[in-house]
Amino acid sequence: MDRWVLYGFISMAFAGFTSVIAKLGLTGISGDLGLAIRTCFVFVFVLMFAAVVVPVSQLEALSWKNFLWLGLSGVTTAASWVFYYKAIKLGDVSTVALIDKGSVIVSLFLAWLILQEAITLPKLIGGSCIALGLLIIARA
């Protein structure tokens, strides 16, 4: 198995834990406050991680394009998290997490449109299954 596939599965496992743990942490507080607290922990952890694994020479490679695109990614991440936390505060984590995975469809389309990545038959079938699952969830 390629390393990136393994990393993807590890990410999937942690993301699954994240939603359930977050719901427990929201007991008695707003989703907005919970998100702010969680984000502080993420910020500190990621900075510590980067301090250990990122060579200083990488800082010299940064360009304004890196800052622009990563900054925009940060804005979209923040918007996603704000609405995700509002959703899990009010609804079932299992349902919200499934709906959130509809982002795969958006990613497939944008990767094709912007990055010129191929939409292969397996990707098309998988994306269609996700879309069908979202329709089923929306009607339940």
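Sequence positions are assigned chain by chain, starting from 1 and proceeding in written order. Where local features are concerned, this predicted model is filtered to residues with pLDDT of at least 70; where side-chain atom pairs are given and counted, the filter is 80 or more; whole-chain, interface and lining totals use all residues. With hydrogens and water excluded, all non-hydrogen atoms of the structure serve as input to the side-chain values.

A. Summary view of the nonpolar core. Here, nonpolar core refers to any group of buried Ala, Val, Leu, Ile, Met, Phe, Trp, Tyr and Cys residues whose side-chain atoms link them within 4.5 Å. Throughout, exposure labels follow a simple rule: accessible area from a 1.4 Å probe, protein chains only, divided by the maximum for the residue type, with under 20% read as buried, over 50% as exposed, and the rest as partly exposed. In this structure, Ala-22, Leu-26, Leu-35, Tyr-84, Tyr-85, Ile-88, Val-93, Val-96 and Ala-97 together form the largest nonpolar core, which totals nine residues. Taken together, the elements giving at least two residues each to this core come down to helix H4 (64–90) and helix H5 (93–100). Residue contacts follow a heavy-atom distance rule, with two residues in contact if any of their heavy atoms lie within 4.5 Å. Non-local contacts of Ala-22, meaning those with residues more than four positions away in its chain, are made with Tyr-85 and Ile-88. Numbering of helices and strands runs from the N terminus; a helix is a DSSP stretch of H or I covering at least four residues, while a strand is a stretch of E covering at least two.

B. Representation of the environment of Tyr-85 in the model. Relative to the helices and strands, Tyr-85 is located in helix H4. Tyr-85 gets classed as buried once you look at its relative accessible area, which sits at 4%. Taking the C-alpha atoms as reference, Tyr-85 lies 9.5 Å from Leu-33; in sequence the two are 52 residues apart. When sequence neighbours within four positions are dropped, the list of residues in contact with Tyr-85 reads Ala-22, Leu-26, Gly-31, Gly-34, Leu-35 and Arg-38.

C. How the structure looks around the packing of helix H6 (residues 103–115) against helix H7 (residues 121–139). Axis definition: a line fitted to C-alpha atoms, over the contacting stretch in the case of helices. Angles run 0 to 180 degrees between N-to-C directions. Closest axis-to-axis distance for the H6/H7 pair is 9 Å, and the angle between their directions is 145°. At the point where H6 passes H7, the crossing takes the left-handed sense. On H7, the residues touching Val-104, Ile-105 and Leu-108 of H6 are Lys-123, Gly-127, Ile-130, Ala-131 and Leu-134. Per-class residue counts for the contact of H6 with H7 are six nonpolar, one polar and one charged. Each crossing gets its hand from how the near helix is turned against the far one by less than a right angle, where anticlockwise is left-handed and clockwise is right-handed. Think of it as three bins: nonpolar holds Ala, Val, Leu, Ile, Met, Phe, Trp, Tyr, Cys and Pro, charged holds Asp, Glu, Lys and Arg, and polar takes everything else, Gly as well.

D. Inspection of the pattern of salt bridges at higher detail. When a carboxyl oxygen of Asp or Glu is within 4 Å of a side-chain nitrogen of Lys or Arg, the pair counts as a salt bridge. What the rule picks out here adds up to two salt bridges. The salt bridge partner of Asp-32 is Lys-86, with a shortest N-O separation of 3.2 Å. Here Asp-32, found in helix H2 (residues 31–53), pairs with Lys-86, found in helix H4; they are 54 residues apart in sequence, far enough to count as distant. The class of Asp-32 is partly exposed, set by a relative accessible area of 41%. Across the salt bridge formed by Asp-100 and Lys-101, the nearest N and O atoms sit 3.4 Å from each other. Here Asp-100 falls in the partly exposed class, since its relative accessible area comes to 26%.

E. Focus on a nonpolar patch on the surface. Taken together, the side chains of Val-106, Phe-109, Leu-110, Trp-112, Leu-113, Ile-114, Leu-115, Ile-119, Leu-121, Leu-124 and Ile-125 present a nonpolar region at the surface, about 1,100 Å² in accessible area. Of all the secondary structure elements, the ones that give two or more residues to the nonpolar patch are H6 and H7. Per element, the largest residue contribution to the nonpolar patch is seven residues, and it comes from H6. With respect to the element layout, Ile-114 can be found in helix H6. Patch definition: residues above 30% relative accessible area lacking any salt bridge, with like charges linked at up to 9 Å and the nonpolar side chains Val, Leu, Ile, Met, Phe, Trp and Tyr linked at up to 5 Å. Here the Shrake-Rupley method, with its probe set to 1.4 Å, supplies the accessible areas, and only the displayed protein chains count as covering residues.

F. Looking closely at the confidence of the model for the protein. Confidence scores labelled pLDDT are given residue by residue by the predictor and lie between 0 and 100. Across the protein, pLDDT averages 93, with 100% of residues at or above 70. The secondary-structure element of the protein with the lowest mean pLDDT is H5, recorded at 89, while H2 shows the highest, at 96.

G. Main features of the layout of surface pockets. Here the largest pocket is characterised by a volume of approximately 1,300 Å³. Cavity means a closed set of points on a 1 Å grid over the protein atoms alone, one where a 1.4 Å probe fits but cannot get out, pocket means an open set with protein on both sides within 12 Å along at least 5 of 7 lines, and lining means a residue has an atom within 4 Å of a point. In terms of lining, the largest pocket is formed by 33 residues, of which the most central are Phe-14, Ala-15, Thr-18, Ser-19 and Arg-38. The set of elements that each furnish at least two residues to the lining of the largest pocket consists of helix H1 (3–25), H2, H4 and H5. The element best represented in the lining of the largest pocket is H1, accounting for 13 residues. Broken down by class, the residue content of the lining of the largest pocket amounts to 20 nonpolar, 10 polar and three charged. Around the second largest pocket, the lining is made up of 18 residues, and of these Phe-43, Val-46, Leu-47, Leu-70 and Gly-74 lie nearest the centre. Where the lining of the second largest pocket is concerned, the elements lending two or more residues are H2, helix H3 (57–60) and H4. Grid points are joined across faces, edges and corners, and a volume is the space filled by probe spheres set on the points.

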